Amino acid sequence: MDWTISQGKSVAATSSANAQLRLQSERSESIPASPPIRVAIVGAGRGGTALLDVLHQIGTIEIVGITDKDPLAPGLQRAREINVTIYDRVADLIKSPGLNLVMDVTGDPATAPVLREQLQVVTDIVSGQASRLLWKLVQHESTLQTELLHAEKLAGIGSFAAGIAHDMNNPLQLILGLAENLADEEDLDTVHAQARDIIDAVKRTTAICRDLTSYSRRTSLQQDCLVNVNGKLDEALKIARYAVALQDIDIRKLYQPDVVVKGNPDELLHVFVNLITNAVQAMEHHGTLTLETSAVPGTAQVRVSDTGCGIAPELHSRIFEPFFTTKPPGKGTGLGLYNIKNVIHRMNGSIGIDSHIGRGSTFTLAFHDESGAGGRRAEP
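To keep things clear, this report deals only with the structure shown in the data block.

Calculation rules
- Note that residues are indexed from 1 along each chain, following the sequence as it is written.
- Residue-level local features of this predicted model are given only where pLDDT is at least 70; pairs of side-chain atoms are given and counted only at 80 or more, and the full residue set underlies all totals for whole chains, interfaces and linings.
- Computation of side-chain values: all heavy atoms of the structure, hydrogens and water removed.
- Strand pairing is assigned whenever DSSP detects at least two bridges linking the two strands.
- A run of DSSP states H or I qualifies as a helix once it reaches four residues; a run of E qualifies as a strand once it reaches two. Both are numbered from the N-terminal end.
- It only takes one pair of heavy atoms within 4.5 Å for two residues to be counted as in contact.
- Angles shown run from 0 to 180 degrees and are taken between the N-to-C directions of axes, each axis being a line fitted to C-alpha atoms and, for helices, limited to the stretch in contact.
- We call a set of buried Ala, Val, Leu, Ile, Met, Phe, Trp, Tyr and Cys residues a nonpolar core when their side-chain atoms join them within 4.5 Å.
- Three labels apply to residues, based on accessible area from a 1.4 Å probe with only protein chains included: buried if under 20% of the type maximum, exposed if over 50%, partly exposed otherwise in between.
- Each angle receives one of four descriptions, namely roughly parallel if under 35 degrees, roughly antiparallel if over 145, roughly perpendicular if within 65 to 115, and oblique otherwise.
- In this scheme the crossing of two helices becomes right-handed for a clockwise turn of the near helix relative to the far one and left-handed for an anticlockwise turn of less than a right angle.
- Three classes are used: nonpolar for Ala, Val, Leu, Ile, Met, Phe, Trp, Tyr, Cys and Pro, charged for Asp, Glu, Lys and Arg, and polar for all others, with Gly counted as polar.
- By definition, a salt bridge exists where a carboxyl oxygen of Asp or Glu is found within 4 Å of a side-chain nitrogen of Lys or Arg.
- When the strands point away from the viewer and the connection leading from the first strand across the helix to the second strand turns clockwise, the crossover is called right-handed.
- An arc is given here, and it is the one of the directions from the helix axis to the C-beta atoms.

### What about the sheet that holds strand β1 (residues 37-42)?
Thought 1: The sheet built from five strands is open, its strands ordered β3-β2-β1-β4-β5 with parallel pairing. Strands with a single pairing partner mark the edges of an open sheet, and in this sheet they are β3 (86-87) and β5 (124-126).
Thought 2: Judged from the six bridges that link them, β1 and strand β2 (residues 61-67) form a sheet pairing that is parallel. Considered in β2, the bridge of Arg 38 is made with Glu 62.
Thought 3: On the sheet, helix α2 (residues 46-55) packs against β1, β2 and β4 (101-104) and is oriented at approximately 160° with respect to β1.
Thought 4: Of the strands in this sheet, β1, β4 and β5 are in contact with helix α5 (residues 111-118), which crosses β4 at around 165°.

Right, here's the structure in full:
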């Protein structure tokens, strides 16, 4: 039995700030890193699946394995996707060397006593009401992440205002001019031609509204699917041009054909829009934006590169923190890269940065899939 789930442009840091960051870095390096907490999960229903998604994003936790009596339990498939070992028997799982904690999320009261009999004294167990409390916290954390993603997306829509006004004004002015001409036009062929021009202009305006509505909506709860990465990058370019001027940017597309990843298409679109917008802002609207995709069996990569100002080395470890931003006050929420990191981790991926002051930055996204989805054609 299981529980039901509802479902840069960087600014130069002052010398005192740099000194402070270096001091903090030196202090952290002098403190030996604690060994990871080794956790085993018993129960791979929806509760176990959610725990996998949360725990595998935490670097100080190592999931040694998961088990369930139902071989078709959804958590087992998720475990395969994020490379967590699956055990056929509970006894084999809890014998893992160095195990610190067993999390019983089966919801079966009979499971906990059996586990306690077999576990070593040094291993703790979370079950019963404690497990339910943990599950409530997991639900709450998941809800907060979803709300943060949506809030940051809506906050960014405000920066689109100028681009939206420009792109909608042109077809609207055309419609107005053609309508004024039609008021006095008597030639039927001319009336038909101008009517077709009006229809085309309305379709362009409708397309703008459709793009923005699709982007700003709350992330859908649809099942993850294979997403065409090249197509999503092109779609993100269309959205990003409302937020930043692209006319003076040299855009280079180095796409390997048919690169796909498994994930939520709405979330992936937001990731790409955010990275492209940051890259263009870092170049102050002049420079080269490079979008690159590649894939080998089991792994797909996406690189977004700019020739902008770069990010100071001492800030590389902080840019993914929530509410940290290198942009001037009022120009950023500090949630963009934090949300990106969470989305990528949920997709069993990783994100890295290579940046040098005055030379630009490259963000590399790597998506791993043991099924070898990288390079396969996405479903329509």
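### Quick word on the sheet that holds strand β10 (residues 299-306)
Thought 1: Read from one edge of the open sheet, five strands run β7-β9-β10-β12-β11, paired in mixed fashion. In the strand order of this sheet, the two ends are held by β7 (249-254) and β11 (349-356), each with one partner. Pairwise comparison of adjacent strand axes, ignoring direction, gives a mean angle of 10° for this sheet.
Thought 2: In terms of strand pairing, β11 meets strand β12 (residues 360-368) through eight bridges, oriented antiparallel.

### Section: the environment of Asn 169
Thought 1: Inspection of the secondary structure puts Asn 169 in helix α7 (residues 161-184).
Thought 2: For the pair Asn 169 and Thr 205, spaced 36 residues apart in sequence, the C-alpha to C-alpha distance is 9.0 Å.

### Quick word on the nonpolar core
One recurring pattern in soluble globular proteins is that nonpolar side chains are buried together.
Thought 1: One finds Phe 272, Leu 289 and Leu 365 to be the most contacted residues of the largest nonpolar core, which totals 42 residues.
Thought 2: Secondary structure elements with two or more residues in this core: α9 (229-240), α10 (265-282), β9 (287-296), β10, α11 (336-346) and β12.
Thought 3: Per-element tally for this core: the top contributor is α10, with nine residues.
Thought 4: Leaving out residues up to four positions away in the same chain, Leu 289 has contacts with Leu 237, Ile 249, Asp 250, Ile 251, Arg 252, Ile 276, Ala 279, Val 280, Met 283, Val 304 and Ser 305.

### Quick notes on the packing of α9 against α10
Thought 1: Interaxial distance between α9 and α10 falls to 8 Å at its minimum, and their mutual angle equals 55°. Taken together, the axes of α9 and α10 are oblique relative to one another. When the axes of α9 and α10 are compared, the crossing they make is right-handed. For the pair α9 and α10, the contacting residues are Val 229, Lys 232, Leu 233, Glu 235, Ala 236, Leu 237, Ile 239 and Ala 240 in the first and Pro 265, Leu 269, Phe 272, Val 273, Ile 276 and Thr 277 in the second.
Thought 2: Its residues assigned to classes, the contact of α9 with α10 comprises 11 nonpolar, one polar and two charged.

### As for the pattern of salt bridges
Working definition: two side chains of opposite charge can pair if their charged atoms are close together.
Thought 1: This model, assessed by the stated rule, comprises nine salt bridges.
Thought 2: One salt bridge in this structure joins Asp 92 and Arg 89, with 3.0 Å as the shortest N-O distance.
Thought 3: A relative accessible area of 32% places Asp 92 in the partly exposed class.
Thought 4: One network of salt bridges, in which partners are shared, links Asp 53, Arg 78, Glu 81 and Lys 262.

### Concerning the pairing of β2
Thought 1: Taken across its seven residues, β2 has six buried, putting it largely inside the fold.
Thought 2: Assessed by its sense of winding, the connection that carries the chain from β1 through α2 to β2 is right-handed.
Thought 3: Strand direction decides the pairing type here: β2 and β3, joined by two bridges, are parallel. Within β3, the residue paired with Thr 67 across the bridge is Tyr 87.
Thought 4: Remark: the β2/helix α3 (residues 74-81)/β3 crossover connection has right-handed handedness.

### Some points on α5
Thought 1: Residues of α5 that are buried: Thr 111, Ala 112 and Leu 115. On an axial view of α5, the arc spanned by its buried residues comes to 95°, and they lie on one face.
Thought 2: If you follow the buried residues of α5, they end up packed against β1, α4 (90-93), β4 and β5.

### Observations concerning the packing of α2 against α3
Thought 1: Where α2 contacts α3, the axes come no closer than 7 Å and their chain directions differ by 20°. When the axes of α2 and α3 are compared, the pair comes out roughly parallel. Facing α2, whose interface residues are Arg 46, Thr 49, Leu 52 and Asp 53, α3 presents Pro 74, Gly 75, Arg 78 and Ala 79.
Thought 2: Here the contact of α2 with α3 is built from residues that sort into three nonpolar, two polar and three charged.

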